[in-house]
Amino acid sequence: MTARYALRWLLVAFVVLMVQSTVMLSVRIGGVHPDLLWLLPITAALLDGPETGALVGFWSGLAFDLTLPTPFGLSALVGCVLGFSMGMATAAVDKRAVWLKPVAALFGSVVADMLFAVLGAVLGQQQMVQINFLSLFLVVALSSVVLVLPVNRFMRWALLPGGGDRRSLVSAQSPDGGLW
Amino acid sequence: MAKSRRSRRTLTLVVLVVISLSIVSLDLNGRTHSITSGVKSVTNSVFSPLRGAVVDLLSPIGSFFAGAIHYGAVQSENEKLAAALAKLKIAQAEKGFQATQLRDLLALEHLPFLNALKTVTAQTTQVNTSNFTMTITVNKGRSDGIQVNMPVVGAGGLVGQVIQAFHHSSVVELITDGQSKVGVTFANGVIALADGQGPSASMSADLVPPHTPGLKKGAIMYTSGENGATLPAGIPVAKVKSFHASAGASQETIALTPEADMSQLAYVDIVIWAPAPSPGS
């Protein structure tokens, strides 16, 4: 990955983090706000496969963890597992299918929130499973379906600049490629 | 080729999971927590002004859509009035706490009352940054003398405790958060632990033994300020909503409603207070 593409991806992550901590926090339905974090690994996995999904999930999760009161590293853990799983689950699906992004956003965000809550509780944060999961899933899933298209647009710009000129966070040729 | 790519993918995931778990354990370990909180603190110092600038930029648009020209000023004034009213409510509620007798008693034990303690007024900048925790972020931090565990009051009673103190901001865990536990007492000196129950269920406490005399609906619970307590005595915490003890039960379960109006937290007071060091420490 060149410095140019890394900078693009960093810019996307920063903008999404900024939008999350300003606009999204003020959009509350039943006390729950939309969560843009999970859309980053989901869109990255749909655009560039499981490895990129895992890397984007890890780094964006770590960035979001810096601003959250939940255990540091938990979003990174869930993000990388989500990105990888999403990439594997959609490997055989036609990426041009219109339904793919909304459906992936809907299921991906719900599963990620569930995993986040359960892992948090396992790590001693019992309050993370004492919330109203129905309203959480409804708000996060529906907002993810709506917001996946703009986030996907940004992610496409970061990962696949120039439309068909496919570049990746992970080099297919180099065994030590990627963000390492 | 395909096999080697699959192995590399799996290796990437395994490495990322191991790194994530290592970071989580660093954060949860008491001895190494300072490393992660230091990183968070530095990031917060950089990120908060940027975030503030974006909020300042966006808030006029929000006000415009709200349809009122002076919406921001009126809202700010309302919030200040609500905070002033809340302070009066605390003072009034405190008087009902068998004031004279208990004050004399506590004075003998050198326990402080809220009125005698210094407070720092802070503005809430963020509410519930995560859907999984009940916290607020305020615009006062270590540079204003704020430390972790300091009590936070406002809107009529105890609001929570500082759990993270950065240079210019702090994160406050609300008393309704599932992790919150507050030592409380009511009129006859009976002591209990009030647990936060998350956003849907406010708070609860168990009293041992059941059928405690004096327990009634509407009774106000105050911080107990027992030896070693992390909060000073006499701060109104919650009101008894209902209570019941099953036949033969060894304890009475009490449902509590926070005394503070948790929807009016635009301004809060952080009490500059630290627990007295335990003897021998």
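Residues numbered from 1 in each chain as written. Chains lettered and ligands numbered in written order. Predicted model: local features only at pLDDT ≥ 70, side-chain atom pairs only at ≥ 80, totals over all residues.

Novice: I would appreciate a short explanation of the sheet that holds strand S9 (residues 220–223) of chain B in the present structure.
Specialist: Working definition: the strands of a sheet are paired by backbone hydrogen bonds and lie parallel or antiparallel to each other. All names here are of chain B. Strand order in the closed barrel formed by 6 strands is S6-S7-S8-S11-S10-S9, and the pairing between neighbours is antiparallel. Pairwise comparison of adjacent strand axes, ignoring direction, gives a mean angle of 40 degrees for this sheet. Where strand S8 (residues 203–207) lies against strand S11 (residues 252–258), 5 bridges are found, and the strand directions are antiparallel. Residue Met-203 lies in a different strand from S11, and its bridge partner there is Leu-256. (Pairing = 2+ DSSP bridges. Helix = DSSP H or I, 4+ residues; strand = E, 2+ residues; numbered from the N terminus. Axes fitted to C-alpha atoms, helices over the stretch in contact; angles between N-to-C directions.)

Novice: Explain the interface of chain B and chain A to me, please; I cannot follow it from the model alone.
Specialist: Chain B puts 37 residues into the contact, and the matching count from chain A is 41 residues. Ranked by residues supplied to the side of chain B that touches chain A, first place goes to helix H1 (residues 2–28) of chain B with 12 residues. Here the residues of the side of chain B that touches chain A sort into 15 nonpolar, 16 polar and 6 charged. (Contact = placed C-beta atoms within 7 Å. Nonpolar A, V, L, I, M, F, W, Y, C, P; charged D, E, K, R; others polar.)

Novice: Before we go on, may I ask you to explain the packing of helix H4 (residues 100–122) of chain A against helix H5 (residues 133–159) of chain A in this structure?
Specialist: Residues and elements named next belong to chain A. Packing of H4 against H5 brings their axes to within 8 Å, and their N-to-C directions diverge by 135 degrees. Between H4 and H5, the angle falls in the class oblique. In the packing of H4 onto H5, the handedness of the crossing is right-handed. Between H4, through Lys-101, Pro-102, Ala-105, Leu-106, Ser-109, Val-110 and Asp-113, and H5, the contact on the second element is made entirely by Leu-136, Phe-137, Val-140, Ala-141, Ser-144, Val-145, Val-148, Leu-149 and Asn-152. Partitioning the contact of H4 with H5 into residue classes produces 11 nonpolar, 3 polar and 2 charged. (Parallel < 35°, antiparallel > 145°, perpendicular 65-115°, else oblique. Left-handed = near helix turned anticlockwise from the far one by under 90°.)

Novice: How do you make sense of the nonpolar core when you look at a structure like this?
Specialist: Soluble globular proteins tend to pack their nonpolar side chains together in the buried interior. The biggest cluster of nonpolar side chains holds 56 residues, and the ones touching the most others in it are A:Leu40, A:Ile42 and A:Cys80. Those elements giving two or more residues to this core turn out to be helix H1 (3–26), helix H2 (39–65), helix H3 (74–89), H4 and H5 of chain A together with H1 of chain B. Of the residues forming this core, the biggest block, 15 residues, is contributed by H2(A). In this structure, A:Leu40 is in contact with A:Ala13, A:Val16, A:Val56, A:Gly57, A:Ser60, A:Val151 and A:Met155, ignoring residues within four places of it in sequence. Counting 43 residues, the second largest nonpolar core, distinct from the first, contains B:Ala122, B:Phe166, B:Val171 and B:Leu174. (Core = buried A, V, L, I, M, F, W, Y, C linked by C-beta atoms within 7 Å. Buried ≥ 20, exposed ≤ 12 C-beta atoms within 10 Å, placed from the backbone.)

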